[in-house]
Structures are given as C-alpha cells and as structure tokens.
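Understanding the architecture of this molecule
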Amino acid sequence: MFLDRLRYELKLMGRRVILTPILVMFGFALIAVFLHSRAVDPSRTLSASLEMIIPLAAGIVVATITSQDNAIELQLTMPRKYDRTVLRRLIIIFGWTACIALLSGIVMYAMKLQFIPLSSASEPVALQFLTQVLTWIAPLLWLIGIGVCLALLLRSRSASGALIGGIWIFEIIFKDYIAATNWLHPVFLFPTTLIPLVGAIPQMYFNIWLTTRFELLGAALAFLLIGWLLLRNPEGLLKTSSEE
C-alpha cells in the first residue's frame with residue numbers, strides 16, 4: 001500500500017519531481033566535461049550545481065505543488081488531513097532531490113572534484129563528506145521551507161516561484177555585502193560557491209560558515225512549521241485554488 005501511495009503521489013506531481021534534479025546534474029556534468037577539455041577546473045561549477053541550482057529548482061517545484069491540487073475540495077473532505085498529504089509530497093521531493101545530490105557528491109569526491117571549506121588540511125574523510133553535505137542540504141531545506149510559506153501566503157504559483165528566484169538573484173548580487181554584515185549571515189545561502197570558501201581556511205571563517213549552515217537548517221524548520229499551520233486552514237487553501 002505504501003508503494004502504491006508513493007506511485008500515486010508521483011503521478012499527481014508529474015515528471016518534474018523526478019526529472020528536475022537529474023537534468024540539472026546531467027547538464028552540469030556536460031559543462032564540467034567541456035571545462036575539463038579546456039583545461040579549466042570544473043569543481044567550483046559542480047559545487048554550484050549542488051549548492052545553488054538544485055536547491056533553487058526544488059524550492060520552485062515545491063512552490064508550484066504545495067497548495068495546488070485539481071481535487072482540492074475533495075481532498076479537504078477526506079478523513080486524512082490535507083496537510084499530511086502535502087507533507088508526504090514534500091518528503092518525496094526532498095528525499096529524491098537529496099538522493100541525487102548525495103550520489104553526485106560521492107562521484108565528485110571520488111574524482112577529487114570536491115569544493116568545500118576545511119578547518120584543517122588533515123581533516124578526516126568523514127568530516128569532509130559531512131561538510132560537503134552541509135553545503136547543499138542547508139540551502140535545499142531553506143528554499144523548500146520558504147517555498148511552502150510563499151505559496152500559501154501569496155496564493156500564486158507564479159508569484160511565489162518568481163520571489164524565490166528573486167531571493168536567489170539577490171544572494172548572488174549582494175554576496176559581498178551579506179558576507180560583510182554579521183546580522184545577514186543567517187540568510188547567507190551560498191557562501192561556499194560565491195565567496196568562495198574552499199580548502200583549508202582559518203578556523204574563525206570555518207566557524208562562521210558552519211554556524212550559517214545550522215542557522216539555515218533552524219530557519220528551514222521554522223518555515224516548515226509555519227507552512228504546516230497554514231495548510232491546516234481550509235478556507236485559505238480554497239482561496240488559493242480559486243485565485244490561481
């Protein structure tokens with residue numbers, strides 16, 4: 001029954017959930033091959049695909065499916081609450097995206113293409129791998145969380161997706177200002193690629209980087225909690241469906 005339910009949810013959400021992270025990594029793999037053929041190190045480009053592009057794609061996908069359901073009126077009358085249905089869909093999106101990112105990271109590490117900060121040149125392999133995971137899992141969860149909230153608050157897939165894209169562009173344009181402003185560090189999504197922070201760096205800078213990762217994870221959990229509360233408002237969900 002669990003597998004049947006999983007297949008049903010995937011069918012409702014469409015191929016975008018399965019294909020989006022695969023196509024992103026395949027496209028960047030082709031770019032990496034081209035850069036390597038031109039004697040250019042592709043590690044930073046591949047890091048950007050994990051830290052910046054896959055989280056952006058997941059956030060936009062979440063914003064488009066959170067409050068949109070062709071049978072929303074029927075869903076709200078079912079014994080199983082709609083917030084649980086959406087939570088299951090979010091878990092599917094996050095789980096699949098994380099699997100693709102994790103496999104891609106393993107391949108990058110095996111090919112010595114990792115682009116991560118290190119607290120010391122002799123950092124154990126296990127800690128290096130955990131650091132690599134933190135580079136993408138923190139912005140991934142943050143953008144998924146904000147995608148849920150924006151979709152339910154703005155009641156528009158296009159508006160919420162555009163705003164997520166605006167946040168992404170803002171991070172790129174104002175990266176130096178964000179990095180230099182302490183109170184903005186908790187929303188610094190992509191420091192590894194944009195600064196860049198790579199290799200053995202001073203402990204102070206590594207601690208700042210690590211702190212921002214955990215702050216992003218904490219904010220993501222807060223966003224998801226807010227989204228869950230908004231999903232328990234049937235009137236708001238019906239307004240969202242009618243306004244889109």
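The model shown is predicted, which means the values in this text are computed figures rather than measured ones. (Residues numbered from 1 in each chain as written. Predicted model: local features only at pLDDT ≥ 70, side-chain atom pairs only at ≥ 80, totals over all residues. Heavy atoms only, no water.)

Before going further, it helps to spend a moment on the overall build of the protein chain. The helix and strand tally for the protein chain stands at 11 helices and two strands. Entry remark: accessible area of the protein chain is about 12,600 Å², with carbon and sulfur atoms responsible for 70%. (Helix = DSSP H or I, 4+ residues; strand = E, 2+ residues; numbered from the N terminus. Areas by Shrake-Rupley, 256 points an atom, 1.4 Å probe, with all protein chains shown as cover.)

Between helix α3 (residues 43–65) and helix α6 (residues 125–154), whose axes approach to 8 Å, the crossing angle comes to 25 degrees. Overall, the two elements α3 and α6 adopt an arrangement that is roughly parallel. Handedness of the α3/α6 crossing: right-handed. Packed against α3, whose contacting residues are Leu50, Glu51, Ile54, Pro55, Leu56, Ala58, Gly59, Val62 and Ala63, the element α6 presents Thr135, Trp136, Pro139, Leu140, Leu143, Ile144, Gly147, Val148 and Ala151 at the interface. (Axes fitted to C-alpha atoms, helices over the stretch in contact; angles between N-to-C directions. Parallel < 35°, antiparallel > 145°, perpendicular 65-115°, else oblique. Left-handed = near helix turned anticlockwise from the far one by under 90°. Contact = heavy atoms within 4.5 Å.)

In this model helix α10 (residues 203–231) runs 42 Å from its N-terminal to its C-terminal C-alpha over 29 residues, within 8% of the 42 Å that 1.5 Å per residue would give. Those residues of α10 not exposed but buried are Phe206, Trp209, Thr212, Arg213, Leu216, Leu217, Ala220, Phe223, Gly227 and Leu231. (Expected span 1.5 Å × (residues − 1). Buried < 20%, exposed > 50% of the residue type's maximum accessible area, 1.4 Å probe, protein only.)

Counting residues in each nonpolar core, the largest one holds 55 residues, and the members touching the most others are Leu50, Trp136, Trp142, Leu143, Ile146, Ile164 and Phe190. Among the secondary structure elements, those contributing two or more residues to this core are α2 (16–37), α3, α5 (82–110), α6, α7 (157–173) and α10. Broken down by element, this core gets its largest block of residues, 16 residues, from α6. (Core = buried A, V, L, I, M, F, W, Y, C linked by side-chain atoms within 4.5 Å.)

Turning our attention to the layout of surface pockets. In this structure, the largest pocket spans a volume of roughly 280 Å³. Forming the walls of the largest pocket are 13 residues, and the residues nearest its centre are Ala29, Ala32, Leu46, Met111 and Leu113. Elements with a contribution of two residues or more to the lining of the largest pocket: α2 and α5. Among the elements that make up the lining of the largest pocket, the one with the highest residue count is α2 (five residues). Looking at side-chain class alone, the lining of the largest pocket contains 11 nonpolar, two polar and no charged residues. (1 Å grid on protein atoms, 1.4 Å probe; cavity = no way out; pocket = protein on both sides within 12 Å on 5 of 7 lines; lining within 4 Å. Points joined across faces, edges and corners; volume = space filled by probe spheres on them. Nonpolar A, V, L, I, M, F, W, Y, C, P; charged D, E, K, R; others polar.)

The next point concerns the packing of aromatic side chains. Counting across every chain of the model gives three aromatic pairs. With a centroid separation of 4.7 Å and 40 degrees between ring planes, the pair formed by Phe170 and Phe174 is classed as tilted. (Phe/Tyr/Trp six-rings, centres within 6.5 Å; stacked < 30°, edge-to-face > 60°.)

One water molecule sets the probe size; rolling that probe over the atoms shows where empty space is left. Applying the stated criterion across every chain, the model contains two cavities of 30 Å³ or more. Put simply, the parts of the chain that give the lining of the largest cavity at least two residues each are α2, α3 and α5. With five residues, α2 is the largest single contributor of residues to the lining of the largest cavity. Considering only enclosed or pocket space, the second largest cavity measures out at about 40 Å³ in volume.

Before going further, it helps to examine unusual backbone geometry. Glycine aside, a negative phi is what most residues show, and trans is what most peptide bonds show. Following Ile195, the chain continues into Pro196 via a peptide bond in cis, with omega recorded as -15 degrees. Turning to its location among the elements, Pro196 is positioned in the loop between α9 (191–194) and β2 (199–200). Although it is not a glycine, Ala39 adopts a positive phi angle of roughly 60 degrees. The residue Ala39 is located in the loop between α2 and α3 in this model.

The next subject is a nonpolar patch on the surface. A surface patch of nonpolar side chains, amounting to about 700 Å² of accessible area, comprises Ile169, Phe170, Ile173, Phe174, Tyr177 and Trp183. At three residues, α7 tops the list of elements feeding residues into the nonpolar patch. (Patch = residues over 30% accessible without salt bridge, like charges linked within 9 Å, V, L, I, M, F, W, Y side chains within 5 Å. Salt bridge = Lys/Arg side-chain N within 4 Å of Asp/Glu carboxyl O.)

Among the structural elements, Ile195 can be located in the loop between α9 and β2. Distance from Ile195 to Lys175, taken between C-alpha atoms, is 7.4 Å for residues 20 residues apart in sequence. Not counting residues within four places of it along the chain, the set of residues in contact with Ile195 comprises Lys175, Ala179 and Phe188.

The subject of this paragraph is the confidence of the model for the protein chain. Taken over all residues, the pLDDT of the protein chain has a mean of 84, while the share at 70 or more is 82%. Across the protein chain, element-level confidence peaks in α9 with a mean pLDDT of 92 and bottoms out in helix α4 (residues 72–77) with 50. (pLDDT = per-residue confidence, 0-100.)

So, on to the packing of α3 against α7. Between α3 and α7, the shortest axis-to-axis distance is 8 Å and the interhelical angle comes to 160 degrees. Relative to α7, the element α3 lies roughly antiparallel. Pair α3 / α7 crosses with right-handed handedness. Where α3 abuts α7, its residues Met52, Ile53, Leu56, Gly59, Ile60, Ala63 and Thr64 lie against Arg157, Ser160, Gly161, Ile164, Gly165, Trp168 and Ile172. Here the residues of the contact of α3 with α7 sort into eight nonpolar, five polar and one charged.

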